[in-house]
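What follows is the residue order along each chain.
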Amino acid sequence: MSLLIRGASQIVTPLGTSACRKEALGQLTVLESAVVRCEDGRIVWVGDSTEHDRRFPKADQVLDAQGGCVLPGFVDPHTHPVWAGSREDEFNRRLRGESYMDIARAGGGINATVSATRTASSEALTQKTLNRLDTFLTHGTTTIEAKSGYGLDLPTERKMLEVIRDADAEHCVDLIPTCLAAHEVPLEYRDRPEEFVELLIQEIHPQVAELDLAVAIDAFCEEGVFSLAQTRRILADAASYGWRIHLHADELTPLGGTEVAVEMNALSADHLIHVTDAGIGALAESDTVAILLPGTSFFLRTHYAPARKMIDAGCAIALATDFNPGSSPTESMPTILALACLNLGLTVEEALTAATLNAAAALDRADRLGSIESGKAADLLVLDAPTYHHLVYHHGVNPIRHVVKGGKVVVRDGRIEK
Ligand code: NIG
Ligand code: FE
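Residues numbered from 1 in each chain as written. Chains lettered and ligands numbered in written order. Predicted model: local features only at pLDDT ≥ 70, side-chain atom pairs only at ≥ 80, totals over all residues. Heavy atoms only, no water.

(A) Examining the packing of helix α5 (residues 122–138) against helix α6 (residues 154–170) more closely. Two elements in contact, α5 and α6, have axes separated by 9 Å at closest approach and are oriented at 50 degrees. One element, α5, and the other, α6, form an angle in the oblique class. For the pair α5 and α6, the crossing hand works out as right-handed. On the side of α5, the interface is formed by S122, L125, T126, T129, L130 and L133, while α6 contributes K159, V163, A167 and E170. Counted by class, the contact of α5 with α6 contains five nonpolar, three polar and two charged residues. (Axes fitted to C-alpha atoms, helices over the stretch in contact; angles between N-to-C directions. Helix = DSSP H or I, 4+ residues; strand = E, 2+ residues; numbered from the N terminus. Parallel < 35°, antiparallel > 145°, perpendicular 65-115°, else oblique. Left-handed = near helix turned anticlockwise from the far one by under 90°. Contact = heavy atoms within 4.5 Å. Nonpolar A, V, L, I, M, F, W, Y, C, P; charged D, E, K, R; others polar.)

As structure tokens, then:
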């Protein structure tokens with residue numbers, strides 16, 4: 001099957017197969033009078049329209065961009081998309097002055113979602129996840145990293161990872177599964193956290209590995225959750241199964257999780273609101289991508305990660321939603337890009353690279369995803385606007401007109417093609 005996208009005002013993309021740093025982060029290629037041709041799910045031509053017509057036969061299908069800007073599909077490298085219940089009550093409590101951690105200590109927070117998720121059926125969780133994937137897709141996201149972590153026991157962590165596997169099979173958005181059984185210490189282990197770490201290592205990890213339900217591990221390394229020593233044990237065990245590592249690091253306090261992530265050769269260290277200069281130095285010297293989550297700072301009304309300092313130091317940065325019911329209930333990457341520009345101090349060009357090519361690098365997929373180049377997956381967006389700046393500038397609305405996933409038009413005029 002071949003698809004030709006023509007009629008674009010501009011085709012805009014970062015280039016390459018690895019994360020961009022420093023000045024390169026802001027360097028986008030902008031092509032005018034150009035077309036993109038996709039064959040069997042991959043991009044086979046990006047360039048001049050007349051030249052294309054000379055070289056290739058007529059395409060099976062044509063998508064007319066009608067003067068819209070064409071971009072790579074967003075890759076969202078940090079999401080928690082499977083859960084039951086909701087936490088709007090906590091949102092209002094926080095507005096009245098309680099902190100995220102106060103609420104968590106009182107049995108709310110992650111543990112509130114854990115009880116709702118433990119009792120939900122797989123069918124109900126799958127349906128909720130599929131509905132959320134529809135929202136990701138209509139807002140331009142074509143691949144997500146998907147974490148478990150609202151089970152904190154073997155049956156529910158397994159159930160969540162199976163939901164992620166089934167949703168990936170059913171939905172056109174690709175889900176890359178991460179086991180986050182170390183998301184919080186469950187209430188029944190509150191007085192004996194070391195025993196919960198044993199449970200992770202003796203029972204949960206071996207079962208997840210045997211069923212091949214995850215390609216990566218994550219943990220919430222935070223004061224009052226998992227210490228540096230516990231995090232090291234959990235990650236080292238996971239590495240023995242060949243899983244890659246992501247880490248919730250230095251989110252609420254400067255504990256030093258970033259350095260642990262780098263030391264363990266993690267794919268990413270995430271949040272980094274309180275990253276220290278030593279953490280920034282370690283990241284800059286490493287291949288670990290710094291995934292910044294400005295939606296969480298916005299929603300928790302806290303500080304923002306020192307993004308400019310990190311870029312200047314040479315860290316590879318990516319952007320993600322952190323989509324979850326407690327600290328960032330949005331599937332919208334356009335919203336995250338706007339927050340990245342307005343509150344992290346990125347330019348529109350930097351934000352776009354961070355949400356596409358660098359986000360793919362954070363998932364070890366930059367060889368296949370994240371830019372509009374021959375050989376890469378044909379995951380593309382057409383904006384309802386003539387230039388890429390509108391993506392951020394015209395904020396608070398959904399700027400995505402069409403979405404192409406694996407060479408197929410899956411969203412047309414804002415609606416999912418069923
Ligand atoms: O990334 N920090 C830990 N995990 C999530 C919050 C999850 C929740 O509140 O349900 C985060 O912010
Ligand atoms: Fe998270």
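On we go.
(B) A look at the site of ligand 1. The environment of ligand 1 is made up of 15 residues, and the closest members are Y100, Y150, H183, E251 and S327. A distance of 2.9 Å separates an oxygen atom of ligand 1 from a polar atom in the side chain of H271. One of the side-chain N or O atoms of S327 is found 2.7 Å from an oxygen atom in ligand 1. The protein chains hide 100% of the 330 Å² of surface that ligand 1 would expose on its own. (Near = heavy atom within 4 Å. Polar contact = N/O pair within 3.5 Å; in protein donor to acceptor, adjacent residues only side chain to side chain. Areas by Shrake-Rupley, 256 points an atom, 1.4 Å probe, with all protein chains shown as cover.)

(C) Here's a closer look at the pattern of salt bridges. This model, assessed by the stated rule, comprises 25 salt bridges. With its nearest N and O atoms 3.5 Å apart, the salt bridge here joins D134 to K418. One end of the pair, D134, is in helix α5; the other, K418, is in the segment after β19 (415–416), with 284 residues separating them in the sequence. Note that E162 and R158 form a salt bridge whose closest N and O atoms lie 2.9 Å from each other. Highlighted residues: E162 and R158, both in helix α6, separated by four residues, approximately one helical turn. What emerges from the salt-bridge pattern is a single network uniting E51, R54 and R55. (Salt bridge = Lys/Arg side-chain N within 4 Å of Asp/Glu carboxyl O.)

(D) Quick look at the coordination of the iron ion (ligand 2). At 2.1 to 2.2 Å from the iron ion (ligand 2) lie its protein donor atoms, namely H78 (NE2), H80 (NE2), H248 (NE2) and D322 (OD). Counting the intervening residues between successive donors of the iron ion (ligand 2) yields the motif H-x1-H-x167-H-x73-D. On the criterion of sequence distance, the pair formed by H248 in strand β12 (residues 244–249) and D322 in the loop between β15 (317–319) and α13 (333–343) is long-range, its members being 74 residues apart. Take H248 and D322: they sit in the same class, and that class is buried. (Donors = N, O, S within 2.8 Å, 3.2 Å for Na, K, Ca; no water. Buried < 20%, exposed > 50% of the residue type's maximum accessible area, 1.4 Å probe, protein only.)

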